[in-house]
Amino acid sequence: MSQWSPRERRLVAVGILVALLLLAVFGVILPIASGFSDRADQREQLADDLERGDRLLASRAFWLAAAARQRTDRTRYAIVAPNAGAATELATERATAVIHATGGEVRTIREQPSTPDTSRLRVEARLSLTQLVAALRIFELGQFTPVIEAVSIDAGQASGAGRLAPMEVRIDLAYRHVPAL
């Protein structure tokens, strides 16, 4: 076996020392530091989740009050009736009353295909332009507000007269209804 010179021995010793240091850094110190960093990120995420949860709990009273207001206001936006047939009857009476209140003449009111919580009506009436605008405003601002899905105007005879004569008007309405409690 050959003898190494002192310089070679020092180089080998330094190499072994560097290898041990690298092994200690990459095998022990970096994984521990990485674990600290990962746990710090998790703690930050948990703190954000906790803060979000606290805000949600703090807003509970606001949302409960809003739900109570909506329950008391539901008669403004929906017909409260025991069943769909009663709701459609109320919607028909309301549409007839609105047309008559403006001085118009109801020709027909027909029920249209609808969903379980909606009553759809097609109202055909004879109205002047002023009466039509008044009727639409009453529908918009009145009790259990409908969705006005379509308005069709046949002003054929009205325009030929040279003055504002009554027109044939078709209004498609959709009333939401909820069961009576």
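Here the structure is a predicted model, which is why all the values come from computation and not from measurement.

Draft legend 1. Structural view of the side chain of Asp 172. Within the secondary structure layout, Asp 172 lies in strand S5 (residues 167-179). Asp 172 sits in the buried class, given a relative accessible area of 10%. Side chain to side chain, Asp 172 and Arg 122 meet in a polar contact 2.7 Å long. With residues up to four places along the chain from it excluded, the contact list for Asp 172 reads Leu 121, Arg 122, Val 147, Ile 148, Glu 149 and Ala 150.

Draft legend 2. A look at the nonpolar core. Judged by nonpolar contacts, the single largest core of 20 residues is most densely connected at Ile 79, Phe 139, Leu 173 and Tyr 175. Listed by contribution, the elements that provide at least two residues to this core are strand S1 (79-81), helix H3 (84-101), strand S3 (118-127), helix H4 (129-141) and S5. With residues up to four places along the chain from it excluded, the contact list for Leu 173 reads Ala 95, Ser 119, Arg 120, Leu 121, Val 123, Phe 139, Pro 146, Val 147 and Ile 148.

How each quantity is defined
- Residues numbered from 1 in each chain as written.
- Predicted model: local features only at pLDDT ≥ 70, side-chain atom pairs only at ≥ 80, totals over all residues.
- Heavy atoms only, no water.
- Helix = DSSP H or I, 4+ residues; strand = E, 2+ residues; numbered from the N terminus.
- Buried < 20%, exposed > 50% of the residue type's maximum accessible area, 1.4 Å probe, protein only.
- Polar contact = N/O pair within 3.5 Å; in protein donor to acceptor, adjacent residues only side chain to side chain.
- Contact = heavy atoms within 4.5 Å.
- Core = buried A, V, L, I, M, F, W, Y, C linked by side-chain atoms within 4.5 Å.

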